[in-house]
Amino acid sequence: MNNQINARDQKDLDFMEMAIDLAKTSEQKGEVPIGALIVDEAGKVIAKATNLRETNLTVLGHAELVAIHRACKKLKSWRLTNCTLYVTLEPCHMCAGALVQSRIKRVVFGAFDPKGGALGTLNNLAEDKRLNHQFEAKGGIKQEECSHLLKTFFKKKRASKKAL
């Protein structure tokens, strides 16, 4: 058995590590620890984001949506056809819909979301032939670490609510 990892898989691990660092920053701001970044086909990071729902008091503050918005502004286009999104949690239906609309090429995510995941868990909008665009979705990259961040965050949050 060959234990070597191919270049694409290594890039996925490296970029997911960056997304995890963003998730940790998100938590430090009092946000759910989710980080996202968008990378072009040359491997250049063109947008980074953390969750901003609490900070901006908007349901649209998901890290994926913020990253998509920033990437579109930077590229001066609403199309992200040659880009990959890396995110620590499986995108929800709202974010997956935005990814379809952005014509993203690929999405790589960490933890699966049993309550809201729309790229394989509850639905798979990435492969839905009824939609005008499909894209590759790969989940479970650094899943343990991504999942641990979220579980620890919500455990602390529940404990602080009980203390009140």
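Scroll up a little and you will see the structure.
Heads up: these notes are all about the structure in this document. Since this is a predicted model, take the numbers as computed values, not measurements. (Residues numbered from 1 in each chain as written. Predicted model: local features only at pLDDT ≥ 70, side-chain atom pairs only at ≥ 80, totals over all residues. Heavy atoms only, no water.)

## Looking at helix α3 (residues 63-75)
Between its terminal C-alpha atoms α3 stretches 18 Å, which fits the 18 Å expected from 13 residues at 1.5 Å a residue. Listed as buried for α3 are A63, E64, L65, V66, A67, I68, A71 and C72. Against the buried residues of α3 lie β1 (35-40), β2 (45-50), β3 (83-89) and α4 (93-102). Once α3 finishes, K76 follows within two positions and takes phi at roughly 55 degrees, a positive value. (Helix = DSSP H or I, 4+ residues; strand = E, 2+ residues; numbered from the N terminus. Expected span 1.5 Å × (residues − 1). Buried < 20%, exposed > 50% of the residue type's maximum accessible area, 1.4 Å probe, protein only. Contact = heavy atoms within 4.5 Å.)

## Looking at the environment of A63
With respect to the helices, strands and loops of the structure, A63 is situated in helix α3. We classify A63 as buried; its relative accessible area is 0%. Along the chain, A63 and V32 lie 31 residues apart, while their C-alpha atoms are 9.6 Å from each other. If near-sequence neighbours (up to four positions away) are discounted, A63 is found in contact with I34, G35, A36, A49, T50 and N51.

## Some points on the environment of A23
Tracing the chain through its elements places A23 in helix α1 (residues 7-28). In the structure, A23 is positioned 123 residues away from C146 in sequence and 8.5 Å away in space, judged by C-alpha atoms. Excluding residues within four positions of it along the chain, A23 makes contact with P33, I34, G35, T88 and L149.

## Here we look at a nonpolar patch on the surface
Side chains of V59, L60 and M94 sit close together on the surface and give an oily, nonpolar patch of about 270 Å² of accessible area. Relative to the helices and strands, L60 is located in the loop between α2 (53-56) and α3. (Patch = residues over 30% accessible without salt bridge, like charges linked within 9 Å, V, L, I, M, F, W, Y side chains within 5 Å. Areas by Shrake-Rupley, 256 points an atom, 1.4 Å probe, with all protein chains shown as cover. Salt bridge = Lys/Arg side-chain N within 4 Å of Asp/Glu carboxyl O.)

## Points about the packing of aromatic side chains
One pair of aromatic rings is described through two measures. These are the centre distance and the angle between the planes. One pass over the structure, following the stated rule, counts 3 aromatic pairs. Judged by centre distance (5.1 Å) and plane angle (40 degrees), the rings of F15 and Y86 are tilted. One end of the pair, F15, is in helix α1; the other, Y86, is in strand β3, and 71 residues separate them in sequence. Their ring planes at 85 degrees and their centres at 5.1 Å tell us that F109 and F112 sit as a pair that is edge-to-face. Of the residues examined, F109 reaches a relative accessible area of 1% and is grouped as buried. (Phe/Tyr/Trp six-rings, centres within 6.5 Å; stacked < 30°, edge-to-face > 60°.)

## Describing the sheet that holds β3
Strand order in the open sheet formed by 5 strands is β2-β1-β3-β4-β5, with mixed pairing between adjacent strands. In the strand order of this sheet, the two ends are held by β2 and β5 (136-138), each with one partner. Neighbouring strand axes in the sheet, compared pairwise and without regard to direction, differ in orientation by 15 degrees on average. Sitting on the sheet, α1 is in contact with β1, β2, β3, β4 (106-111) and β5, with an inclination near 50 degrees to β3. (Pairing = 2+ DSSP bridges. Axes fitted to C-alpha atoms, helices over the stretch in contact; angles between N-to-C directions.)

## A closer look at α4
Taken together, the buried positions of α4 are C95, A96, L99, V100 and S102. For α4, the angular spread of buried residues about the axis comes to 165 degrees, placing them on one side. On its buried face, α4 is in contact with α3, β3 and β4. Remark: R103 follows α4 within two positions and exhibits a positive phi of approximately 65 degrees. (Arc of directions from axis to C-beta.)

## A word on the side chain of D113
With respect to the helices and strands, the residue D113 is situated in the loop between β4 and β5. Although D113 is buried, it makes no salt bridge; K115 carries the closest opposite charge, 7.6 Å away. Excluding residues within four positions of it along the chain, D113 makes contact with L89, E90 and T121. (Lys, Arg positive; Asp, Glu negative; His and termini not counted.)

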